[in-house]
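# Coordinate inspection notes
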Amino acid sequence: MILNNVSLRPFNTFGIDVMAKALTQVTTEDELREVLEHNRKTTDDLLILGGGSNILFTRNMNGLVLVNQLGGISIVREDTDSVTIRAGAGVVWHELVMHCVVLGWGGIENLSLIPGRVGAAPMQNIGAYGVELREVFTELEALHIYSGELRRFTNEDCQFGYRESVFKRNLHGQYIIISVTITLSKHPKLNISYGAIGEELEKMGVGRPALADVSRAVINIRKSKLPDPAVLGNAGSFFKNPTVSKDLADHIRQSHPDLPSYPANGGMKLAAGWLIEKCGWKGKVVGNTGSHRNQALVLVNYGHATGAEIFQLSEDIMHSVQDTFGVELEREVNVY
Ligand code: EPU
């Protein structure tokens, strides 16, 4: 069913109140094919939405908004050591994580509580606490929007990078992800090297952590640092952590010895949250928006912000970080 003139407020975690000229929610592959068939002429204006957790709307959408709710979790292969599972693109990511943690399948526990749906996970190669999706990713199925052809993408085909994939670059806007297949371990090697996880496990009084403990630790850390979009509109980290030359990192460290940095791609990766905080933005409220008091990298909507207001704040922050440190920030959130 296609609805006309619908507010997109419930469909984006920033809670921005823009209108969609038309909106449809699809729950099966057949429904999806039918919608694409009927709207082939207008697919230029098509916007695919999952959980709307990585998007900033700055204008009304004049085409069709298609909310991908394809469900289902099933086992593709299984042996004594590993299990390969396929999840529909519309499955809530955290529900998939919980499903796997309960069954003792390891590999995505560090990605607990990331907002959004399964289909968005490979688009930006979601990552947290030392783990990225690409480490467990096997393949995905996607429909070509214009031809309706079904295509499988292997891990290599997806060209994963830090918060990057081919779907954000060369193939942007061309495919709709239908399902994602991942392979998990039945004897998981837990990844607790990320500092905050060790500290949290200690706080929890857990000496020899099991899979569920790591997931719980990640959930506790996220809840303490990151605002719940159901309470305060936001889209997680608004910017990527930038990689700069070693020279620039050394130069900044001369006046700021506490600069968090680590080697990456031949340069040094810096913490955008730290840079933004040092420029005085952390916890600052600007009209209906601001940078969150516990994590400067997260921009929030205090209730009635427009997308343009949040975008303007992001521009001001980018200029300020550029002027102060000579570092160019890049948005992680998709702006429409
Ligand atoms: N920091 C500050 N001030 C701040 C925020 C951070 O000084 O306001 C410093 C911290 O003290 C720490 C460093 O920056 O030294 C890194 O902070 P944190 O561990 O909180 O992680 P992050 O780099 O800010 C990234 C991801 C998050 C992910 C966490 C944990 C990006 C853009 N963000 O944040 O992902 O949850 O690591 O792995 O890579 C997201 O993508 O939406 C997201 C929330």
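Figured I'd write up the structure that's included with this text. All of these numbers come straight from a predicted model, not from anything done at the bench.

### Some words on the layout of surface pockets
Empty space among the atoms can be located by rolling a probe the size of a water molecule over them. Considering only enclosed or pocket space, the second largest pocket measures out at about 180 Å³ in volume. Around the second largest pocket, the lining is made up of 13 residues, and of these Gly-107, Val-131, Glu-135, Val-136 and Lys-189 lie nearest the centre. Grouping the constituent residues of the lining of the second largest pocket by class yields 4 nonpolar, 6 polar and 3 charged.

### Things to note about the sheet that holds strand S2 (residues 19–26)
Strands pair in a sheet through their backbones, by hydrogen bonds, and they do so in one of two ways: parallel or antiparallel. Spatial strand order, S1-S2-S5-S3: 4 strands in an open sheet with mixed pairing. Bordering the open sheet on either side are strand S1 (3–7) and strand S3 (47–49), each of which pairs with just one other strand. Taken pair by pair, the neighbouring strands of this sheet meet at an average axis angle of 40°, ignoring direction. As defined by bridge partners, S1 adjoins S2 across 4 bridges and the pair is classed as antiparallel. The residue bridging Val-6 from the neighbouring strand is Ala-20, located in S2. On the sheet, helix H1 (residues 29–38) packs against S2 and strand S5 (61–68) and is oriented at approximately 145° with respect to S2.

### Some points on the sheet that holds strand S16 (residues 267–270)
An order of S14-S16-S15 is seen for the 3 strands of this open sheet, with the pairing classed as antiparallel. Unpaired on one side and paired on the other, strand S14 (243–244) and strand S15 (261–264) mark the two borders of the sheet. Pairing geometry for S14 and S16, over 2 bridges, is antiparallel. Residue pairing for S16: Val-244 is matched across the bridge by Met-268.

### A short note on unusual backbone geometry
The backbone phi angle of Tyr-129 is positive, close to 50°, even though this residue is not glycine. A positive phi is found at Asn-265, a non-glycine position, where the angle reads about 45°. Mapped onto the elements of the fold, Asn-265 is located in the loop between S15 and S16.

Here is what the cut-offs are and how they apply
By convention here, each chain's residues receive numbers from 1 onward along its written sequence. For a predicted model such as this one, the threshold for reporting local features is a pLDDT of at least 70, and the threshold for listing and counting side-chain atom pairs is 80 or more; totals across whole chains, interfaces and linings nevertheless cover every residue. As a convention, hydrogens and water are excluded, and side-chain values are obtained from all of the structure's heavy atoms. A cavity here means a set of points on a 1 Å grid, drawn over the protein atoms and nothing else, where a 1.4 Å probe fits but cannot get out; a pocket is an open set with protein on both sides within 12 Å along at least five of seven lines, and a residue lines either one if it has an atom within 4 Å of a point. Grid points are joined across faces, edges and corners, and a volume is the space filled by probe spheres set on the points. Residues are grouped as follows: Ala, Val, Leu, Ile, Met, Phe, Trp, Tyr, Cys and Pro are nonpolar; Asp, Glu, Lys and Arg are charged; every other residue, Gly included, is polar. Strands pair, by our definition, only if DSSP identifies at least two bridges between them. Segments assigned H or I by DSSP are reported as helices when at least four residues long, segments assigned E as strands when at least two residues long, and all are numbered from the N terminus. To obtain an axis, a line is fitted to C-alpha atoms, over the contacting stretch when the element is a helix, and the angle between two such axes runs from 0 to 180 degrees between their N-to-C directions. Contact between two residues is taken to exist if any of their heavy atoms lie within 4.5 Å; hydrogens are not considered.

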